[in-house]
Number of protein chains: 4
Amino acid sequence: MTKLTIDARGVFVIAVTPFKPDGAIDMESCDRMVDFYLETGATGLTVLGMMGEAPKLTVEESRDVVARILDRVNGRVPVVVGVSAPGFAQIDTLTRMVMDQGAAGVMVAPPGSLRTDDQIYAYYTAIGDLLGDVPFVLQDFPLATGVQISAGVIARIMNDVPTCVCLKHEDWPGLEKITALRKEGVLNQRVSILCGNGGMFLTEEMERGADGAMTGFAYPEMMVDVVRHFNAGEMERGRDLFDAYLPLARFEQQPGMGLAIRKYVLARRGVIAHDALRKPGGALSAASRAEVDRLIARQEKRLKELN
Amino acid sequence: MTKLTIDARGVFVIAVTPFKPDGAIDMESCDRMVDFYLETGATGLTVLGMMGEAPKLTVEESRDVVARILDRVNGRVPVVVGVSAPGFAQIDTLTRMVMDQGAAGVMVAPPGSLRTDDQIYAYYTAIGDLLGDVPFVLQDFPLATGVQISAGVIARIMNDVPTCVCLKHEDWPGLEKITALRKEGVLNQRVSILCGNGGMFLTEEMERGADGAMTGFAYPEMMVDVVRHFNAGEMERGRDLFDAYLPLARFEQQPGMGLAIRKYVLARRGVIAHDALRKPGGALSAASRAEVDRLIARQEKRLKELN
Amino acid sequence: MTKLTIDARGVFVIAVTPFKPDGAIDMESCDRMVDFYLETGATGLTVLGMMGEAPKLTVEESRDVVARILDRVNGRVPVVVGVSAPGFAQIDTLTRMVMDQGAAGVMVAPPGSLRTDDQIYAYYTAIGDLLGDVPFVLQDFPLATGVQISAGVIARIMNDVPTCVCLKHEDWPGLEKITALRKEGVLNQRVSILCGNGGMFLTEEMERGADGAMTGFAYPEMMVDVVRHFNAGEMERGRDLFDAYLPLARFEQQPGMGLAIRKYVLARRGVIAHDALRKPGGALSAASRAEVDRLIARQEKRLKELN
Amino acid sequence: MTKLTIDARGVFVIAVTPFKPDGAIDMESCDRMVDFYLETGATGLTVLGMMGEAPKLTVEESRDVVARILDRVNGRVPVVVGVSAPGFAQIDTLTRMVMDQGAAGVMVAPPGSLRTDDQIYAYYTAIGDLLGDVPFVLQDFPLATGVQISAGVIARIMNDVPTCVCLKHEDWPGLEKITALRKEGVLNQRVSILCGNGGMFLTEEMERGADGAMTGFAYPEMMVDVVRHFNAGEMERGRDLFDAYLPLARFEQQPGMGLAIRKYVLARRGVIAHDALRKPGGALSAASRAEVDRLIARQEKRLKELN
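Residues numbered from 1 in each chain as written. Chains lettered and ligands numbered in written order. Predicted model: local features only at pLDDT ≥ 70, side-chain atom pairs only at ≥ 80, totals over all residues. Heavy atoms only, no water.

Chemist: Give me the sheet that holds strand β6 (residues 164-169) of chain D: which residues, what numbers.
Modeler: Residue and element names in this part refer to chain D. Here eight strands make up a closed barrel; going around it, the order is β1-β2-β3-β4-β5-β6-β7-β8 and the pairing parallel. Averaged over all neighbouring strand pairs, the angle between strand axes comes to 25°, with direction disregarded. Relative to strand β8 (residues 212-215), strand β7 (residues 192-195) is paired through two bridges, and the arrangement is parallel. By the bridge assignment, C195 is partnered in β8 with A213. Its contacts with the sheet place helix α9 (residues 220-231) against β1 (10-14) and β8, and it is angled at close to 160° to β1. (Pairing = 2+ DSSP bridges. Helix = DSSP H or I, 4+ residues; strand = E, 2+ residues; numbered from the N terminus. Axes fitted to C-alpha atoms, helices over the stretch in contact; angles between N-to-C directions. Contact = heavy atoms within 4.5 Å.)

Now the structure itself:
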């Protein structure tokens, strides 16, 4: 299997974990979801991310989900697996398991206890030692982790740990961080920067030097198209598309309930069979569902006007 | 001066505090800003809010700014003043001062140390006792304060403290909270609910039962129009307008740098003379300014298409 | 195996997890540690607690450690196992596993995302449903979890979930909480309250109505003796003993480095073979080790004077 | 008036702010308190610290309290005034006011929004610019501020801002930080390090290179004696004294309620007339008062045995 490299670009969709109403993993939906993501133009997948309800799976379930997805992907695109955990033993076990199964690399978010620059740097250099030659993604997501990583610290880590090949950029606000990292001489090599935040700033992020997105907005085709248009120099066309999807993207980006919205949309689109979240995790209210329905109707109307 | 009541509705714009490049308060811009807000259709103003750089003012400066604004408003709309402070003596002093000057009421956010329901309830009942017959707004803004207030606790407070006449609703996500509070029998009287979050959810908030907005988006006319259209039953028209402004609203809503963006837009529009923030507070980068310029150009184009 | 009940009292020592210098689990030290704890008079053991480096173990390691300890305990005292995890699937799997192995009950701390009273109550009633007839300990440790649980919420949970038989009380300050819970009519039944915080407030906690301690101070005999003296009405004798150990207890209670100190002392006492912490986790400096040595020497001198 | 310098050592007692039962400032108690602190051997005073209920005072009250205390001190020892505030205008106003009144310097804690090393460094260099030639104390108190400052960042600040002459060291754990700062070549000049945390680690702090204490334990004579004995090379004598006071120091160090305990003790000792806290702030329960009484009785007995 090809490993993840600094050349990762395009859209790595963060996959949800489909469940049945009784809480069991819905493997059939996993297959359909993989097909859907690849058909929309995803250049990679990321599984067991924070939004994938990874912490709610047992180790055996995590292994089975990754195996099923890797099997279905069958080498067509690289698959990154989230392995963040409080202890190195857990990270190591999960990493060995998924790399043996054919993953292209892993993703590591910082534990919430890290505060100072030196603590963060020490953590990631130790992660680099632990993972050996396994390439990994540094997940920078302060709103969820509580850890603020400056551009300078990211550069120190990426320059000293060459297996840290990709930044999942999810700071908010984070545009200046992209600009700082893309400044001449800051990074020894041009690592991959893929952006999160549900795609809410993708047009500006591309302008600032991002290579694409790594997030799970339920209409990945928007992100695929925006990246494509920007790469083709058709920025205004990219922005028109982006704007059409923004009302829904904004709604999906609500913290806590965002995953329920995403699954509801994916189920509506026939990608997964059920919009069930595993416990603990709340269902979407009827009012919220109606709001999503209306946003999708308006989005479709707007997209028609654009064509 | 008329006092704030449970009938507050429409758009209470959160006013910025205009500074000169040297950090002095720009009183001329205060006047022009007041005129601008009222011309756009604001039904009220809120000054010395968190976004108004209130904590950067000395007590004397706070008094002078409030006096200037009240003088310019001259009773045309009610003016609410943010008085949040760590101690009751400070809250009391500032409240007496601004009520004497002619404010319609005050706004109080919870101190970050509050955690349990009982602590929050006890704080606001004590605030009610302290303020006497001065009407006040409960500011529910967990992203900034770190304090989560459930709908049930808000109801307990508002039912037991009749001078708490208005909720500045700024939870995120917060739509279910509006629905919960508007449910039959939850509140003894139909208090005012005005929403924040830069207007990012105003269409859904109106649908759920909000009475309007209390936030500072640099195009208050969007909020005024959305509220007007919803009140007139023209929801789709309201949503069309909302969508046209959303790309910029999203950009302005970035935490930390949002105020710099807002001031930059207000200065561009000629409302205030300078986009200066007082120290400590950073300036907008050239790249960010260019992004705002582009967003405004696209917004104007879109608005033309709508008419 | 006997299950944990509301009659739990005395000292449930929080066991450390002994490692070899290379990071492997030191099973021989596990055995010696169990013998040591029981010889000092422990009435129970708690394993895989936060201080036991539980999050650094893989699931297989967790199972092996629990099995080894249960085997060595051999039914002499009840063993509680910490099963806190982000998702119910993980909690369920670990609980089934350790209850099958012969554990007496499990312990559950709240996830850090909980804030309002209702969220906390809902979480623990769902945990009660999930665990079925497995008795469990509610771990109230705000300094580590960030979750503040009021006495009223604890009472609601314990009254509605009869399998929640014990409170591991670790709030700081927390004395008033014990008093509130022991007030006539607050709790339907007299549940067990065992206190944490390294034993730093054990004398006052006993006075307020605690049934003993559940914490891991490296001299469990202090806690055993204090509880014994208080139960025998010899409070001043208990306080004299407590004071003799306090300088070291205070030193061990430093957050973050406390576990390293505890393991250093246990290794010095010959209880475990190595004071190694698993990565990520720092070693004790030479200066800190010298400070502990001096504190122990002074403690021994003081204890001699008391006899 | 003499300014604060890098030679500050001994015990700078953090003064409480005495109130009457109705919440008014008790100026007579201010005088008696100053006399008491100086009689116990304080080498300096710090007023309007976090524990002095400073945020509960109005600006006028702050001025009056500082004036009264400076008047009573009458130049006998340097007086440091806490001026931490969200904005530079407030810090500047308060600093000018108290320096004009005769303060020796000011103390500044970091605002809770600071996270990265660069943010912290930038804040304190800006503070240095703002304050001009006014010497100031950097207050490092992560438990209260949420801001973690590494030894390296403190060194960068103190080396680049020569008016930052003293570190109020209140990290927990923080002993390694003192050692790091006292290492040859880290600091350009030997700045003053005075320790907080209620004196709970004073013996180890002195051993590591601290110059004394800056905290408010209600028996300042303990801190004065420990510092004196350590400076005289009589470490064991210092530790004996420390241990005698430790049970009460531990009790007073409970977060939130610590100030109520401190005021109760000071009132018991006749230093201040009332143990009243200003609102919002809770009174000590009868049970807590009884615990303090018992701790003092045992402390007096122990001190007698030592003599």
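Chemist: Run through empty space enclosed by the protein, naming residues and quoting values.
Modeler: Summed over all chains, the structure comprises eight cavities of 30 Å³ or more. Here the largest cavity defines a volume of roughly 190 Å³. Together, 14 residues line the largest cavity, and W172 and M200 of chain A together with W172, M200 and Q253 of chain B are the ones closest to its centre. Partitioned by chemical class, the residues of the lining of the largest cavity number eight nonpolar, four polar and two charged. (1 Å grid on protein atoms, 1.4 Å probe; cavity = no way out; pocket = protein on both sides within 12 Å on 5 of 7 lines; lining within 4 Å. Points joined across faces, edges and corners; volume = space filled by probe spheres on them. Nonpolar A, V, L, I, M, F, W, Y, C, P; charged D, E, K, R; others polar.)

Chemist: How would you sum up the interface of chain B and chain C? Please name residues and give values.
Modeler: Across the boundary between the two partners, chain B contributes eight residues, which contact eight residues of chain C. For the pair chain B and chain C, the two sides together bury roughly 660 Å², of which 59% comes from carbon and sulfur. It is R115, T116 and D117 of chain B that lose the most area in chain B upon contact with chain C, and together they represent 62% of the buried surface on that side. Applying the counting criterion to the chain B and chain C interface returns zero salt bridges. Counting across the interface, chain B meets chain C through one residue pair in polar contact (both at pLDDT 80 or more). (Buried area = accessible area lost by both parts, 1.4 Å probe. Salt bridge = Lys/Arg side-chain N within 4 Å of Asp/Glu carboxyl O. Polar contact = N/O pair within 3.5 Å; in protein donor to acceptor, adjacent residues only side chain to side chain.)

Chemist: Any chance you could break down the interface of chain B and chain A for me, citing the residues and the numbers?
Modeler: Chain B puts 32 residues into the contact, and the matching count from chain A is 32 residues. The largest share of the area that chain B buries against chain A comes from W172, R250 and R298 of chain B, three residues that together contribute 23% of it. Inspection of the region where chain B meets chain A yields twelve salt bridges. E207 of chain A is the salt-bridge partner of R294 of chain B, the closest N and O atoms lying 3.8 Å from each other. Where chain B packs against chain A, one counts 20 residue pairs in polar contact (both at pLDDT 80 or more). Among the secondary structure elements, those contributing two or more residues to the side of chain B that touches chain A are α7 (175-182), α8 (202-208), α10 (235-252) and α12 (286-306) of chain B. Looking at the side of chain B that touches chain A element by element, the count peaks at nine residues for α10 of chain B. Each residue belonging to the side of chain B that touches chain A can be placed in one class, and the counts come to 14 nonpolar, four polar and 14 charged.

Chemist: Can you tell me about helix α7 (residues 175-182) of chain A, naming the residues and giving the values?
Modeler: Along α7 of chain A, the residues that are buried comprise L175, K177, I178 and L181 of chain A. The buried residues of α7 of chain A occupy one face: seen down the axis, they fall within an arc of 160°. (Buried < 20%, exposed > 50% of the residue type's maximum accessible area, 1.4 Å probe, protein only. Arc of directions from axis to C-beta.)

Chemist: Can you break down the relation of the copies chain B and chain C residue by residue, with the values?
Modeler: Taken as rigid bodies, chain B and chain C are interconverted by a rotation of 180° and an axial shift of 0.0 Å, the fit giving an RMSD of 0.0 Å. With respect to symmetry, the two chain copies, as superposed, fit the operation of a two-fold axis. Counting the interface residues of chain B, we find that 100% of their copies in chain C are interface residues as well, pointing to one common contact surface. (Least-squares fit on C-alpha atoms with pLDDT ≥ 70 in both.)

Chemist: So what's going on with the packing of helix α10 (residues 235-252) of chain A against α10 of chain B? Residues and values would help.
Modeler: Where α10 of chain A meets α10 of chain B, the closest approach of the two axes is 10 Å, and the angle between their N-to-C directions is 75°. One element, α10 of chain A, and the other, α10 of chain B, form an angle in the roughly perpendicular class. Between α10 of chain A, through F242, D243, L246, P247 and R250 of chain A, and α10 of chain B, the contact on the second element is made entirely by F242, D243, L246, P247 and R250 of chain B. Broken down by class, the residue content of the contact of α10 of chain A with α10 of chain B amounts to six nonpolar, no polar and four charged. (Parallel < 35°, antiparallel > 145°, perpendicular 65-115°, else oblique.)

Chemist: Would you mind going over the UniProt feature "binding site: pyruvate" (unreviewed entry) in chain A in detail, with residue names and values included?
Modeler: Residues and elements named next belong to chain A. Within the UniProt annotation, "binding site: pyruvate" (unreviewed entry) is assigned to M214. By secondary structure assignment, the location of M214 is in strand β8 (residues 212-215). Residue M214 is classed as buried on the basis of its relative accessible area of 0%. Contacts of M214, omitting those with residues within four sequence positions, involve F12, I14, T46, M107, V137, K168, L194, C195 and G196. (UniProt positions renumbered as here; feature names shortened; annotations may be inferred.)

Chemist: Residue-level account of the pairing of strand β6 (residues 164-169) of chain A, with values.
Modeler: Taken across its six residues, β6 of chain A has six buried, putting it largely inside the fold. In the classification by handedness, the crossover that spans β6 of chain A, the intervening α7 of chain A and the parallel strand β7 (residues 192-195) of chain A is right-handed. (Right-handed = clockwise from strand over helix to strand, strands pointing away.)

Chemist: Go over the sheet that holds β8 of chain A, please, and point to the residues and values.
Modeler: All names here are of chain A. Strands sit in the order β1-β2-β3-β4-β5-β6-β7-β8 around a closed barrel of eight strands; the barrel is parallel. Strand after strand, the sheet turns through a mean of 25° between neighbouring axes, direction not considered. Of the strand pairs in this sheet, strand β4 (residues 105-108) and strand β5 (residues 136-140) are connected by three bridges, and their pairing is parallel. Each residue of the ladder has a partner; that of V108, found in β5, is L138. Contacts between helix α6 (residues 151-160) and the sheet are confined to β5 and β6, with β6 contributing the most and set at about 155° to the helix.

Chemist: Could you give an account of the side chain of R298 of chain B, naming the residues involved and the relevant values?
Modeler: Residue position: R298 of chain B is located in helix α12. When near neighbours in sequence (up to four residues on either side) are disregarded, R298 of chain B contacts E236, R239, D240 and D243 of chain A.

Chemist: Give a description of the pattern of salt bridges that names residues and reports values.
Modeler: Across all of its chains, the model carries 124 salt bridges over all chains by this definition. Measuring nitrogen to oxygen at the nearest pair gives 3.7 Å for the salt bridge that ties K301 of chain B to E305 of chain B. In this pair, K301 of chain B and E305 of chain B both sit in helix α12, four residues apart, roughly one turn of the helix. With a shortest N-O distance of 2.7 Å, D225 of chain D and R228 of chain D are connected by a salt bridge. On the criterion of helical spacing, the pair formed by D225 of chain D and R228 of chain D is a turn pair, its members being three residues apart in helix α9. Take D225 of chain D: its relative accessible area is 18%, and that puts it in the buried class. The partly exposed category is assigned to R228 of chain D, whose relative accessible area is 47%. Because the salt bridges share partners, they merge into one network encompassing E207, E236, R239, D240 and D243 of chain A together with R294 and R298 of chain B.

Chemist: Would you mind going over the relation of the copies chain B and chain A in detail, with residue names and values included?
Modeler: Each copy superposes on the other: chain B lies on chain A with an RMSD of 0.0 Å after a rotation of 180° and an axial shift of 0.0 Å. When the interface residues of chain B are mapped onto chain A, 100% of them again fall at the interface, so both copies present the same face.

Chemist: So what about the packing of aromatic side chains? Which residues, and what values?
Modeler: Think of a pair of aromatic rings as described by two things: how far the centres are apart, and how the planes are tilted against each other in angle. A complete count under the given rule lists 30 aromatic pairs over all chains for this structure. Judged by centre distance (5.8 Å) and plane angle (70°), the ring pair of F88 of chain D and Y123 of chain D falls under edge-to-face. Taken together, the residues F88 of chain D in helix α3 (residues 88-101) and Y123 of chain D in helix α4 (residues 117-131) connect sequence positions 35 residues apart. The exposure class assigned to F88 of chain D is buried, which follows from its relative accessible area of 5%. Ring pairs connect the aromatic residues F88, Y123, Y124 and F136 of chain A, which therefore count as one cluster. Positioned above the aromatic ring of Y121 of chain A, the side-chain terminus of R156 of chain A is 4.1 Å from the ring centre. (Phe/Tyr/Trp six-rings, centres within 6.5 Å; stacked < 30°, edge-to-face > 60°. Lys NZ or Arg CZ within 6 Å of the ring centre and 35° of its normal.)

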